[in-house]
Structure formats: C-alpha cells, structure tokens
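Summary of the model geometry
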Amino acid sequence: MTRQRALLRRRDEAGMVTAFVVIFTFALLLLAGLVIDGGLALAARVQAIDEAQAAARAGAQAINLPLFRSTGQTVLDPSEATADAERYLAVAGHSGTVTVNGNEVTVAVSISQPTQILGIAGIGQLTVSGTGSATAEQGNG
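Here is a short report on the structure shown in this document. (Residues numbered from 1 in each chain as written. Predicted model: local features only at pLDDT ≥ 70, side-chain atom pairs only at ≥ 80, totals over all residues. Heavy atoms only, no water.)

This paragraph deals with the overall build of the protein. For the protein, the count of helices and strands is four helices and three strands. Along the chain direction, N to C, the helices and strands of the protein fall in the order α-α-α-α-β-β-β. Scored against the burial criterion, the 141 residues of the protein give a buried share of 23%. Put simply, of all contacts in the protein between residues at least 6 apart along the chain, 58% involve residues at least 24 apart. Only carbon and sulfur atoms are counted for the fraction: they give 57% of the accessible area of the protein, which is about 9,500 Å². (Helix = DSSP H or I, 4+ residues; strand = E, 2+ residues; numbered from the N terminus. Buried < 20%, exposed > 50% of the residue type's maximum accessible area, 1.4 Å probe, protein only. Contact = heavy atoms within 4.5 Å. Areas by Shrake-Rupley, 256 points an atom, 1.4 Å probe, with all protein chains shown as cover.)

Below, the structure written as structure tokens:
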C-alpha cells in the first residue's frame, strides 16, 4: 500500500518542476529587460536633455541686432529664437516645444525609446523627456 501511495504522489507532482522553471525563466527575462531597457531609457533621457539644452542655446543667440546696435540692449527676437531652436531640433531628428519668455528660451524634447527585451511583457517603447533653458545675455569682452 505504501508503494501505491508513493506512485500516486509522484504522479501528482509530475508537472510542478516544469511550471516553476517556466515562471522563474520569465521572471529572469523581465529582470534583464528592466536592466537593459532601463539603461537605454536613461541614455535616451540624457540625450533628450542634451538636445533640449543645445536647442535652447541656439535659440538664445537670436538677439534683435538692430536694437542691440542702436541701444546696446540684448533682447531676443521671439520668432527668430523659436525658429532657430526648432531648426536645431529638426537637424537632430527630434521634435519638441519651444517657449520664449523675455530673454529666456526653454525647450522640451520627448524621445520614444524602443525596448529590446520588455516587449515580451507588452511594453514596446518607453517615452522619456528632457528640458533645457538658455538666457540671452551680453558678454563681457
């Protein structure tokens, strides 16, 4: 009778190891996805911040030259500053929003980073954003 119980017990546990291995493997893949895709998302965020700052600097160079030559005041031309920042972003291959407030240009950039591993969990891309500002100022020199 004990031999029959042992055989029945083995049959009851027959698929448990396979299910554990499948779940454990899936969990390890998701963990690897968080590490790899998370790192790629952080790199994309740094890129977005860099591009936003560079675009803001490009826009902050669009001063009103006739006013500067006549009065020495450094005042931004808002439409030219916006166009210059947007032109920089277009060359970089990304889009963003440009805001000009007085002599300050603020640029916000969003980048969609495709995932490498998290796609198996239904996450196809991660969207990151970065913001940068620059102010038009008269240099000393």
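With that out of the way, let us pick up the sheet that holds strand S2 (residues 104-114). Spatially, the three strands line up as an open sheet ordered S1-S2-S3, and their pairing is antiparallel. If you trace the sheet from one side to the other, it starts and ends with strand S1 (96-101) and strand S3 (125-135), each paired once. On average, each strand axis in the sheet is tilted by 15° relative to the strand beside it, whichever way the strands run. Here S2 pairs with S3 via eleven bridges, running antiparallel. Bridge pairing in S3 places Val109 opposite Gly130. Strand contacts of helix H4 (residues 78-92): S1 and S2, with the helix running at about 155° to S1, the strand carrying the most contacts. (Pairing = 2+ DSSP bridges. Axes fitted to C-alpha atoms, helices over the stretch in contact; angles between N-to-C directions.)

Judged by nonpolar contacts, the single largest core of 20 residues is most densely connected at Val105, Val107, Val109 and Ile111. Those elements that provide at least two residues to this core are helix H2 (16-60), H4, S2 and S3. If you tally residues by element for this core, the top one is H2, at seven residues. (Core = buried A, V, L, I, M, F, W, Y, C linked by side-chain atoms within 4.5 Å.)

The next thing to look at is the environment of Asn103. Considering the arrangement of structural elements, one finds Asn103 in the loop between S1 and S2. In sequence terms Asn103 and Gly59 are 44 residues apart; their C-alpha atoms lie 9.9 Å from each other. The contact partners of Asn103, leaving out residues within four places of it in the chain, are Thr74, Val75, Leu76, Ala134, Thr135 and Ala136. From its side chain, Asn103 meets the backbone oxygen of Thr74 in a polar contact 2.8 Å long. At 3.0 Å, the side chain of Asn103 forms a polar contact with the backbone nitrogen of Leu76. (Polar contact = N/O pair within 3.5 Å; in protein donor to acceptor, adjacent residues only side chain to side chain.)

Turning to the pattern of salt bridges, a few remarks are in order. Pairing of side chains with opposite charge becomes possible as their charged atoms draw close. Following the criterion strictly, the structure yields two salt bridges and no others. Salt-bridge contacts for Glu80 lead to Arg87; the nearest nitrogen and oxygen are separated by 3.6 Å. For Asp84, the salt bridge is made with Arg87, and the minimal N-O distance between the two is 2.3 Å. Separated by three residues within a single helix, Asp84 and Arg87 lie in helix H4, roughly one turn from each other. (Salt bridge = Lys/Arg side-chain N within 4 Å of Asp/Glu carboxyl O.)

Within the element layout of this structure, Glu104 appears in strand S2. Glu104 sits in the partly exposed class, given a relative accessible area of 34%. Put simply, Glu104 and Gly59 are 45 residues apart on the chain and 9.0 Å apart in space, counted from C-alpha to C-alpha. In contact with Glu104, other than residues within four places in its own chain, are Leu76, Thr99, Ser133, Ala134 and Thr135.

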